[in-house]
Amino acid sequence: MKNVIEVCPYCGSGCKINLSINNGKVIGASGANGLTNEGELCLKGLYGWDFIHDTKILTPRLKNPMIRREKKGELEAVSWQEAIAFITEKFKAIKDQYGADAIMCSGSSRSTGNETNYVMQKFARAAIGTNNVDCCARVCHGPSVAGLQLSVGGGAMSNSIVEIDDTKCIFIFGWNPATSHPIIARRILRAKENGAKIIVCDPRKIETARIADIYVPLKNGSNIAFLNSVAYVLLEENLTNRSFIDKYTDGFEQFKQIIMQYPPESTQAITGIDPFVVREVARMYATSPTSGIFWGMGVCQFYQGVETVRALASLALLTGQIGRPNTGLGPVRGQNNVQGACDMGALPNQFPGYQNVTDPEARAKFEKAWGVEKLPDTIGTYLTEIAMKAEQGLLKAFYCMGEDPLQTEPDLSAVRHGFSKLDLLIVQDVFMTKTAAVADVILPATTWGEHEGVYSAADRGFQRFYKAVEPVGDVKVDWEIISLLSSALGYPMHYNNTQEIWDELRELCPQYYGATYEKMDANGGLGYVQWPCPTLDSPGSRYLYSDGQGGVKFDTPNGKGQLFTCDWAHPVERTNDEYPLILTTVREVGHYSCRSMTGNCRALAILADEPGYVQINIQDAKALNIKDDELVWIESCRGKVISRASVSDRTNKGAVYMTYQWWIGACNELIGEHLSPISRTPEYKYVPVKLTSINDQ
Ligand code: SF4
C-alpha cells in the first residue's frame, strides 16, 4: 500500500490529500499536512474519490472515444485515430466556411490541471485562430475578476486563506463558508477564538451567522444599496483613512457624490436593515486593526455583480484595509481550479497571466513564443453566449472540456435549443454528463488521481498533485488529447510531460516565473507557491499590493485604487401575484458543481440525492400548506421542476433556495439569463417562482 499526495478536486480551499492506494486501486483518503488544511479534510475530501473506479451510481465513466455520425443517430465507439480524424475534418470545414470565430473551446475548472488549461487556450488561439475560449468562472466569479481588475488591478484574492486566522474583522458577504469551503470555515472559527469580530451579510441565516458579532439579514437583491450605506457611514462618521485615499486612490469626489444619496435611513426600505446595524457594520470594519472582506456567489450572480464587487473593493480603499498582512479582498473561488483556469488564460479577453489579447505587445510576445504569425486581437465569445450565438448561426462548433453547460447554465431549455443548432459538439470529459449525452463526439479523459499537474487554490496558491493510479479504459490525459488534435489540424503540439508545459508558461508570465515544480515538489510535495512569484528565489506572495517600502501600489494602469460605486438597481425580474417568491441558487455541502463526480461517490450520494430539496421558510410553508420533506413543484415563467421541501426558519420569508445539481429538480430550468453587461455572468440569485404541493395538482 502507498500514499500519493493530491490536491482535493472539489472546492478552492486547496486541501492536500493522502490518497491511499492498494493493488492499483484507491481505497481511502486522509488529510495531508497542506498549508491551507493542516491535515484536515471535509467530507468531500474524505469520501469524494471512489468515482475514479467507475461506481456507475449516477452515470458510467467514459472509456472509449465515440462519435455520432448523423444528428439524432447513436453514439458509436471508435478508435482515437478515427475520432481525431472526424473532428479535424469537421473543424477544417467549419473554419473554411465560417471562419475561426465559428469555433468555441472551453477550459475546465474541475479536476484537470493548469497545464491543460494553458494548452487548451493555446489550441484555441494558435491552432484554431480565435479568442473563443472561456471557463466556468463566467458563471461564478467572473464579476470578481472583472471588478477587481478595474478597482485594484488584480482579479484574485488579495489576501490569503491562512491569513484568516489573524484577521481581526472578517466581513463575510454572500458566501456560505460552512457549505462551500468547510476547511476555510474552520479558520473563521479559529479567528473568532483569536478574538476576531465576524460580520455576516446574507438573507439566509447561514451557519457562520451563528457565530457572527453582527448578522445582517439583508433582503435578496439589495447588495449595492446596503454597501453604499456602509460607505455613507464611513464618510459621515470620519471612519475613512484620509491619507490612504489621498495617496493611493482615484475617484473620491465622484464616488462621494453617489454615496451621499445613500444614508442608511433612506435604504432601509430596500435592504430591510436597521440604520443602527449599518452603522455598527461600518464602525466594526473600519476601526479593526485588520479587516478582510470575503464573498461568494451572493455577490457575483447578480446583474450588478461586477458593480457589487467594486463597491466592496471601495470599502477597503476608503479605510486602507488592503495592502497589509491580514487585510484585503477575498473572492473565495468555488471550484478547485477555477482560479487556475483564469490564471492560465482560459478567458476570451486575456492570455495566461491576465495579459490582454487587445494589447499588441502581449500579442507579439505570444506570437513569437508560439510561432504564429498573427494571433486574434478581438475579445472572444463568453461561455454564457454560446447558445445565443449558435441560435444566430454565428457559432458552429463547441469543444467542451470538463464542463456540463446543459446542467449548469441558466434557462436550460433555451441552452438546449441553442446547442441543438451546433454542427459539432465535442465533449471531453470523464462521465456521461447531460452535455455529453447530446454530443457528436466524446473524448474520454483521465481524472483526478490518474494524472498529474498543478492547481491554483482560491488564494493564488500553486500546488502539485500527482498520478496515483493507472486509468481504466481507452482514455487519455486532457492535454495529450488537445495536442493530438492540434497536430492533426496542422499546428503541431508535442509535450512529453506537464513540466514542459509549465515551464513554457512560466517563461511567458512574469508573475509565475519563479513558481517552479521544484518549489512545489518540496516538503514531500506539499510546497505552496502563491503568485506573484517573479523570481527563482522568491517564495511567492501571501498578500497583494505592498509596494515593498511600507506603502501600497495597485496593479491598475496608474498604480492607484479606483474608487467606484453606482446606483442600486432592482434585480432584472420582479415577483408578482403569480410568482410571489424569490428563487436563489445555493450550494449543497456534500455535492459539487454538476454532481458528475460527487454523485458517483457512494457516501456522498447517500447523504443527499435526487430530487434534491428546496429550502423554504416555516411561515411561507404554512401559508402554502407545504410540509417538511413533501414533494413540491417549483415553477417560474420558464417551466417547473419537482423537489422536496426543506422547511426551517433558517431561510428568510419570501425566498426559497435550491442547489442546481439535481437532474429531476434542476432549478436552472427556471432561471433567466440576464447577463452582467461587463462579465456576462447570469443573475442566478433572483428568480420569481411559486411553490405548490404535488398533492394540490
Ligand atoms: Fe476538498 Fe474543499 Fe473540502 Fe478541502 S474544504 S476537503 S478542498 S471540498
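Anything mentioned here points back to the structure above.
What this report covers is the structure whose coordinates are included nearby. (Residues numbered from 1 in each chain as written. Predicted model: local features only at pLDDT ≥ 70, side-chain atom pairs only at ≥ 80, totals over all residues. Heavy atoms only, no water.)

With that settled, consider the nonpolar core. Formed by 146 residues in total, the largest nonpolar core has its most connected members in Phe-91, Phe-123, Phe-226 and Tyr-399. Ignoring anything within four residues of it in the chain, the contact list for Phe-91 reads Ile-103, Phe-123, Ile-128, Ala-397, Tyr-399, Leu-424, Ile-426, Leu-485 and Leu-489. Listed in part, the 30 residues of the second largest apolar core include Cys-15, Phe-51, Tyr-592 and Cys-601. (Core = buried A, V, L, I, M, F, W, Y, C linked by side-chain atoms within 4.5 Å. Buried < 20%, exposed > 50% of the residue type's maximum accessible area, 1.4 Å probe, protein only. Contact = heavy atoms within 4.5 Å.)

So, about the side chain of Asn-132. By the secondary structure assignment, Asn-132 is in the loop between helix 3 (114-128) and strand 7 (133-134). Within the local environment of Asn-132, its side chain forms a polar contact with the backbone oxygen of Ile-103, the two atoms lying 3.1 Å apart. When near neighbours in sequence (up to four residues on either side) are disregarded, Asn-132 contacts Asp-101, Ile-103, Met-104, Cys-105, Ala-124, Gly-380, Thr-381 and Leu-395. (Helix = DSSP H or I, 4+ residues; strand = E, 2+ residues; numbered from the N terminus. Polar contact = N/O pair within 3.5 Å; in protein donor to acceptor, adjacent residues only side chain to side chain.)

This part takes up the pattern of salt bridges. A complete count under the given rule lists 33 salt bridges for this structure. With its nearest N and O atoms 2.4 Å apart, the salt bridge here joins Glu-573 to Arg-638. With Glu-573 in the loop between strand 22 (561-562) and strand 23 (581-586) and Arg-638 in the loop between strand 25 (631-636) and strand 26 (639-648), this pair connects stretches of sequence that are 65 residues apart. Residue classification places Arg-638 among the partly exposed positions, given a relative accessible area of 24%. The partner of Glu-610 in a salt bridge is Arg-595, with the nearest N and O atoms 2.3 Å apart. In this pair, Glu-610 is assigned in the loop between helix 22 (602-607) and strand 24 (613-617) and Arg-595 in the loop between strand 23 and helix 22, connecting sequence segments 15 residues apart. (Salt bridge = Lys/Arg side-chain N within 4 Å of Asp/Glu carboxyl O.)

What follows deals with the environment of Thr-659. Considering the arrangement of structural elements, one finds Thr-659 in strand 27 (residues 655-659). Owing to a relative accessible area of 1%, Thr-659 belongs among the buried residues under this scheme. Thr-659 sits 44 residues away from Gln-615 along the chain, and the two C-alpha atoms are 9.5 Å apart. Apart from residues no more than four positions distant in its own chain, Thr-659 is found in contact with Val-586, Arg-587, Glu-588, Tyr-613, Gly-665 and Cys-667. At a separation of 3.3 Å, a polar atom in the side chain of Thr-659 contacts the side chain of Gln-661. At 2.6 Å, the side chain of Thr-659 forms a polar contact with the side chain of Trp-662.

The quantities given are spatial measurements derived from coordinates; they are silent on function.
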